[in-house]
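# Fold and contact review
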Amino acid sequence: MAEDITKPGTNKTASTMEERNRRRSERVVLRVPLQLSAKMPNGKRISIEVYSLVVNAHGGLLEIGMELPSGQQVILSNPRNEKVASGKIVRVEASEEGRFSIAFAFEFPAPSFWPVSFPPADWSLVGEAV
């Protein structure tokens, strides 16, 4: 019986390839201004302008001027096509000059949320709620 054994110090390239294969949809580099709204844990409501950095049919990476907690529910509005979608923050990283990179996931796949003229083929394979 063959066993699948992962040894310490595995090749980082193999790990990166494995992560890429796990993605639900292909990423696209796209800088788009968006409006992010949320009700903070302290009850305060915010509405701020953010920018997308990298997007896919299931979410994306945003550049934002404040830190938001992982798990935070958000509403994103795209003024270019008037689409609105809900999601949650899944990862937060400090970037340069007091800004943050925030990875988020849409509540439901939303490939048409992004203004992409030629979306990757796998974007058309996901269901859409937007």
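Worth saying up front: this structure is predicted, and the values here are computed from it rather than measured.

This next bit is on the pairing of strand β4 (residues 59-64). As paired elements, strand β3 (residues 45-56) and β4 share five bridges and run antiparallel to each other. Bridge pairing links S52 to L62 in β4. Linking two consecutive strands that pair antiparallel, namely β3 and β4, is a turn of two residues. Pairing of β4 with strand β7 (residues 100-106), which is carried by six bridges, proceeds in the antiparallel orientation. Across the sheet, the residue bridging to L61 is A103, located in β7.

This part covers the confidence of the model for the chain. On average, residues of the chain carry a pLDDT of 83, and 76% of them reach 70 or more. At the low end of the mean pLDDT range in the chain sits helix α1 (residues 12-22), at 49; at the high end sits strand β5 (residues 73-78), at 98. Low pLDDT, under 50, characterises residues 1-18; the stretch is placed with zero contacts to residues that sit more than four places away or in other chains.

Tallied over the full model, the rule gives three salt bridges. Across the pair R91 and E93 runs a salt bridge whose closest N-O atoms are separated by 3.0 Å. In this structure R91 comes out as partly exposed when scored by relative accessible area, which is 41%. Several salt bridges share partner residues, and in doing so they unite R31, E63 and R99 into one network.

Below, the discussion takes up the side chain of N78. Mapped onto the fold, N78 is located in strand β5. The class of N78 is buried, set by a relative accessible area of 1%. Within polar-contact distance, the side chain of N78 engages the backbone nitrogen of R80 at 2.9 Å. From its side chain, N78 meets the backbone oxygen of F113 in a polar contact 2.7 Å long.

A few words on unusual backbone geometry. For residues that are not glycine, phi is negative in most cases, and the peptide bond is trans in most cases. For E82, which is not glycine, the phi dihedral falls at a positive 60°. Counting through the fold element by element, E82 comes out in the loop between β5 and β6 (83-94).

Okay, the nonpolar core next. One finds L36, L68, L76, F106, F113 and W114 to be the most contacted residues of the largest nonpolar core, which totals 26 residues. Counting only elements with at least two residues in this core, the list comes to β2 (33-39), β3, β4, β5, β6 and β7. No other element matches β7, which puts four residues into this core.

Here we take up the side chain of S25. Positionally, S25 belongs in the loop between α1 and β1 (28-29). Residue S25 is classed as buried on the basis of its relative accessible area, which comes to 1%. A polar contact of 3.1 Å, which involves the side chain of S25, links it to the backbone nitrogen of A57. When near neighbours in sequence (up to four residues on either side) are disregarded, S25 contacts N56, A57, H58, D122 and W123.

Cut-off values and rules
- Residues numbered from 1 in each chain as written.
- Predicted model: local features only at pLDDT ≥ 70, side-chain atom pairs only at ≥ 80, totals over all residues.
- Heavy atoms only, no water.
- Pairing = 2+ DSSP bridges.
- Helix = DSSP H or I, 4+ residues; strand = E, 2+ residues; numbered from the N terminus.
- pLDDT = per-residue confidence, 0-100.
- Contact = heavy atoms within 4.5 Å.
- Salt bridge = Lys/Arg side-chain N within 4 Å of Asp/Glu carboxyl O.
- Buried < 20%, exposed > 50% of the residue type's maximum accessible area, 1.4 Å probe, protein only.
- Polar contact = N/O pair within 3.5 Å; in protein donor to acceptor, adjacent residues only side chain to side chain.
- Core = buried A, V, L, I, M, F, W, Y, C linked by side-chain atoms within 4.5 Å.

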